[in-house]
Amino acid sequence: MGLTLTEKILKAHLVDGEFVKGQEIGIRIDQTLTQDATGTMAYLEYEAMGVPRVKTERSVAYIDHNTLQSGFENADDHRFIGSVAKKHGIYFSRPGNGICHQVHLERFGVPGKTLIGSDSHTPTGGGIGMIAIGAGGLDVAVAMGGGAYYITYPQIVKVNLTGKLSPWVSAKDVILQVLRIMSVKGGVGKVIEYCGEGVKTLSVPERATITNMGAELGATTSIFPSDEITLSFLKAQDRADVWQELKADDDAVYDEVIDIDLSELVPQAACPHSPDNVKTCDEIGKLKVDQVCIGSCTNSSYVDMMKVAHILKGKTVDPSVSLAIAPGSKQVLNMIAQNGALADMIDAGARILESACGPCIGMGQAPNSGGVSLRTFNRNFLGRSGTKDGQIYLVSPETAAASALTGYLTDPRTLGEMPEIKVPEQFMINDNMVVEPAPVEEMDSVEVLRGPNIKPYPETAPLVEDIECQVSLKVGDNITTDHIMPAGAKILPLRSNIPAISQHCFTVCDEDFPRRAKNMGASIIVGGSNYGQGSSREHAALAPLYLGIKAVLVKSFARIHRANLINAGILPLTFVNEADYDKIEQGDEIAIKNVRADVAADKTELTVINKTKNVEIPVLCELTGRTKEIMLAGGLLDYTREKLK
Ligand code: MIC
Ligand code: SF4
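Residues numbered from 1 in each chain as written. Chains lettered and ligands numbered in written order. Predicted model: local features only at pLDDT ≥ 70, side-chain atom pairs only at ≥ 80, totals over all residues. Heavy atoms only, no water.

Caption draft 1: Inspection of the overall build of the protein chain at higher detail. Helices and strands together make up the secondary structure of the protein chain, namely 22 helices and 27 strands. The C-alpha atoms of the protein chain give a radius of gyration of 24 Å, which matches the 26 Å a tight globule of 645 residues would have. Considering only C-alpha atoms, the protein chain reaches an extent of 70 × 60 × 55 Å along its principal axes. The 645 residues of the protein chain split such that 64% are buried. When the accessible surface of the protein chain is summed, it comes to about 22400 Å², and 48% of that surface belongs to carbon and sulfur atoms. Positive and negative side-chain charges in the protein chain, numbering 62 and 79 respectively, have mean positions lying 2 Å apart. (Helix = DSSP H or I, 4+ residues; strand = E, 2+ residues; numbered from the N terminus. Rg over C-alpha atoms; globule rule 2.2 N^0.38 Å. Buried < 20%, exposed > 50% of the residue type's maximum accessible area, 1.4 Å probe, protein only. Areas by Shrake-Rupley, 256 points an atom, 1.4 Å probe, with all protein chains shown as cover. Lys, Arg positive; Asp, Glu negative; His and termini not counted. Charge placed at Lys NZ, Arg CZ, Asp CG, Glu CD.)

Caption draft 2: Representation of the nonpolar core. Counting 99 residues, the largest nonpolar core has Phe 506, Phe 513, Tyr 531, Val 552, Leu 571 and Leu 573 as its most contacted members. A total of six residues in this core trace back to one element, the largest contributor, which is helix 5 (residues 137-144). If we skip the residues at most four places from it in the chain, Tyr 531 touches Val 475, Ile 479, Ile 484, Phe 506, Ile 525, Val 552, Val 554, Ser 556, Phe 557, Ala 558 and His 561. Formed by 57 residues, the second largest nonpolar core is a distinct cluster that contains Val 332, Ala 350, Leu 374 and Val 434. (Core = buried A, V, L, I, M, F, W, Y, C linked by side-chain atoms within 4.5 Å. Contact = heavy atoms within 4.5 Å.)

Caption draft 3: How the structure looks around the site of ligand 1. Within the structure, ligand 1 sits among 14 residues, and Asp 119, Ser 120, Arg 495, Ser 536 and Arg 537 are positioned closest to it. The contact in question runs from an oxygen atom of ligand 1 to an N or O atom on the side chain of Arg 495, over 2.7 Å. Ser 536 is positioned such that a nitrogen or oxygen atom in its backbone is 2.7 Å from an oxygen atom of ligand 1. Starting from 340 Å² of accessible surface for ligand 1 in isolation, the protein chains cover 97%. One can see that ligand 1 is located within the largest cavity. The residue inventory of the shell around ligand 1, partitioned by class, reads two nonpolar, seven polar and five charged. (Near = heavy atom within 4 Å. Polar contact = N/O pair within 3.5 Å; in protein donor to acceptor, adjacent residues only side chain to side chain. 1 Å grid on protein atoms, 1.4 Å probe; cavity = no way out; pocket = protein on both sides within 12 Å on 5 of 7 lines; lining within 4 Å. Sits in = over half its atoms within 2 Å of the grid points. Nonpolar A, V, L, I, M, F, W, Y, C, P; charged D, E, K, R; others polar.)

Caption draft 4: Summary view of helix 13 (residues 397-406). Buried residues dominate helix 13, accounting for nine of its 10 residues. Looking only at helix 13, the buried set comprises Pro 397, Glu 398, Thr 399, Ala 400, Ala 401, Ala 402, Ser 403, Ala 404 and Leu 405. In this structure, the buried side of helix 13 is in contact with helix 9 (281-284), strand 15 (291-294), helix 10 (302-312), strand 16 (322-325) and strand 18 (372-375). Two residues or fewer past helix 13, Gly 407 is found with a positive phi of approximately 85°.

Caption draft 5: Highlighting the side chain of Asp 580. By the secondary structure assignment, Asp 580 is in the loop between strand 24 (571-575) and strand 25 (589-592). Every residue in contact with Asp 580, bar those within four places of it in the chain, is listed here: Phe 575, Ile 617 and Pro 618.

Caption draft 6: Representation of the packing of helix 5 against helix 22 (residues 636-644). The contact between helix 5 and helix 22 brings their axes to 10 Å, and the two run at 20°. When the interaxial angle is binned, helix 5 and helix 22 end up roughly parallel. For the crossing formed where helix 5 meets helix 22, the hand is right-handed. For the pair formed by helix 5 and helix 22, the contact residues are Leu 138, Asp 139 and Val 142 on the first element and Leu 636, Leu 637 and Thr 640 on the second. (Axes fitted to C-alpha atoms, helices over the stretch in contact; angles between N-to-C directions. Parallel < 35°, antiparallel > 145°, perpendicular 65-115°, else oblique. Left-handed = near helix turned anticlockwise from the far one by under 90°.)

Caption draft 7: Representation of the site of ligand 2 in the model. Taken together, His 65, His 101, Asp 119, His 121, Ser 296, Cys 297, Cys 357, Cys 360, Ile 361, Asn 378 and Arg 384 make up the full set of residues adjacent to ligand 2. In a pocket analysis with a 2 Å cut-off to the grid points, ligand 2 is assigned to the largest cavity. Counted by class, the shell around ligand 2 contains four nonpolar, five polar and two charged residues.

Caption draft 8: Summary view of empty space enclosed by the protein. The final tally for this structure, using the stated rule, is seven cavities of 30 Å³ or more. Of the volumes computed, that of the largest cavity is approximately 200 Å³. Its residues assigned to classes, the lining of the largest cavity shows five nonpolar, 10 polar and five charged. Volume-wise, the second largest cavity comes out at about 160 Å³. As for the second largest cavity, its lining consists of 18 residues, of which Ala 215, Gly 218, Ala 219, Gly 534 and Ile 560 are closest to the centre. Taken together, the residues that form the lining of the second largest cavity break down as seven nonpolar, eight polar and three charged. (Points joined across faces, edges and corners; volume = space filled by probe spheres on them.)

Caption draft 9: Spatial organisation of the layout of surface pockets. Its volume calculated, the largest pocket comes out at about 1000 Å³. Along the walls of the largest pocket sit 35 residues, with Gly 22, Thr 152, Arg 559, Arg 562 and Glu 622 positioned nearest its centre. If you list the elements that add at least two residues to the lining of the largest pocket, you get strand 8 (149-152), helix 19 (559-567), strand 24 and helix 21 (625-633). Ranked by the residues each element gives to the lining of the largest pocket, the list is headed by helix 19, at six residues.

Caption draft 10: Structural detail: helix 6 (residues 171-182). Between its first and last C-alpha atoms helix 6 spans 17 Å; for 12 residues at 1.5 Å apiece the expected length is 16 Å, and the two agree. Of all the 12 residues making up helix 6, 10 are buried; the element is thus mostly covered by neighbouring parts of the structure. Taken as a whole, helix 6 has its buried residues at Ala 171, Lys 172, Asp 173, Val 174, Ile 175, Leu 176, Gln 177, Val 178, Leu 179 and Met 182. Immediately downstream of helix 6, the backbone of Ser 183 shows phi near 75°, a positive value. (Expected span 1.5 Å × (residues − 1).)

Keep in mind these values describe shape, not function.
Listed below in C-alpha cells is the structure:
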C-alpha cells in the first residue's frame, strides 16, 4: 500500500510510538521558530531546562508581533530574545525583517523537514512541502532542547485540486472554499494534503496562503508536494540546494477526499465573526466599506503586493476608506520599493506599515465604531481587530484593493483584464537583518538582558488528590484563544508578565472573571465544542493557571490549546454526553474525587459531582502515558525538569 506525503515525512522522523490512527506519536524536530509574543515565555522555559545550545538543525527567533513599542516592554523583550538567541545558538530575525512565516518560507524552510513554531500559522511551511506545525512555547522549548514533539497520529485528508483559477480569483478563495466545506472544527486531528493536477497551477506563495489558513480549520497542518515549482521558488531565493522532490505515492490511501475544481471558484469573503462564515461577493451584495487592510502572514508575498500595486496604480483610494498595507517581509518591501510598486501604493493613498503582523493582531489600525473592515488576514474573531463592534471580512488582496478604490465590497473580476504577475526568477537577497548566534566558544560570555516586564513562569503543583471548587465561568461553543487571552496593543506587551496579563483573561466574555476566579482560589471553567480554537498562545493556559483554574470541562477541544492546558498542568475534561453541558452552571460547587489516583491508574472516565444540583456527570479524561505523567507532575516544565534530573 502506498504512502501519503504526510506519512512519508512523519515516518522518517518517528522517534516514539506507532503508526496507529488516533494514537500519540513522537517526532524528531529539525527546525523551530518563535515569534516575540510567545517567544519570551518559550525562551524562559528553554532557560529553565538548562540546555546550553539548541539541538535542532535550525532555530530562528523572529520579532514581528509586538512592534508598537508604546512603552518599554516590547523593546525590552526584543533585547531579551536577541540576547538569548545569541547565547543559545538561535538565529535572530530583527524587528523590521518581517513576519515569521513569510521570512521562514523565503529564507529557511526546507522541503521534507519538520518544523514546529510557537505560532499557529507555522503550517505556512507546508507550502514548500514541510511538516510544519503550530505548538505551545513550552513544546518548542523542549524541541530546541532536543526533545520529541508529540501529536496524535492524524487522519489524512486529500484535497484533490483540478482545473485552474479564473482571472482575479485567488489562493485565498481556495482556502475560504475549504473552510466553507470543512468549518473551523472540521480539521481537528487531521492533516490536509493537497494533490491533483491543479497543484501545478499554484505558485509557492499561493500554496503557502492555503496551508497558512489551514490553521483556521483546526487542522494539525496542511502540506503541498515539493515539485519543480517549489524548486524554481527556492532557486529564486538562492536556495536550490535544499530542494528535493516529494509527493504521495499514486496508490496512497486517504481517510477522506475532498474535490475542488479551481476553475469553478469565484471571489469570496469570510463574514463576521468566523473564518468559516464564507459567502461569495455576490451573495454578500452591496456592502459599504470603511477600512481595508492588506498584509499578514496569509497574504503579504511579493506577488500579492504586486497585484495590489497594479490595481491601485494611477487611482485614488475612495475618500471614505482608510487603506493600510503591510508588506510581509523586508525582502518584499525592498523589492516593491526598488521596482516602483510601493510608489504606486503611496500615490494612491495607501498608509504603508512596517513589515510585521500589525493590524492582524490588533496592533494599531482598529476600525471606527461599528466599522466594516476588509482584511486579507486569516482571522476575524470578535474583538481581535481592537474594537468590540468591528465587522471584519476576510478577503483576497485582489478583492481588498478593488474595494479600497470603490468604497464598497467589489468583485475584482470587474477590473478588466488581469495582468500576469509571476513569482520573480530572482528575489532580492540580503539577510543582514538576521543575526547569527555566537560561536560555541563565545556563548558563555553572552549576557542575557532582562527587562523589568519579564516575570517568572507561574507557580505549578503536582495534580491534587481531589478537586473541590466552584465553576468560575461557563461559556458556549467555538471559544477562541482571543476570547480567553485577548491580544491587541494594550495587552500584547504583557506577554512576559503572567500576573499582569491574567487581569485580561476572558474579559471579552465577562469583565469580572479574573477577579472572581482569583478570589475563588481554585475553580474550573465549563465550555462548549471546539474550545480554544485559534492561536497557539500558551498564555491562554498560563493565565488561567495563575488564576487558579484546575480543570476545563468542555464538549470538545482545539488541538493546540488542549496540549497547552496539559503542559500547564490543567486537567482537560470532555463530557461523555454533550447534553450534560446543561447540568452545570457558573457558580455551581463541584467535586472530582480521587482524581490523582484515577489518572495515575489510567482511568479515562471520571465523575464530576455537581454538589449544587445534586447530579453526577460522567466525563472523559483521555491522557496517554506521556501526557498522564505530565499531568501528574504538574505540567511539562516540571515533567521535563524531573526527566533531565
Ligand atoms: C495569532 O495570529 O493569533 C497569533 C498572535 O499569531 C498567535 C500567537 C500569539 O498569540 O502570540 C497564533 O496564531 O498562534
Ligand atoms: Fe502575525 Fe497575524 Fe500571522 Fe498571527 S496571523 S502570525 S498575528 S500576521
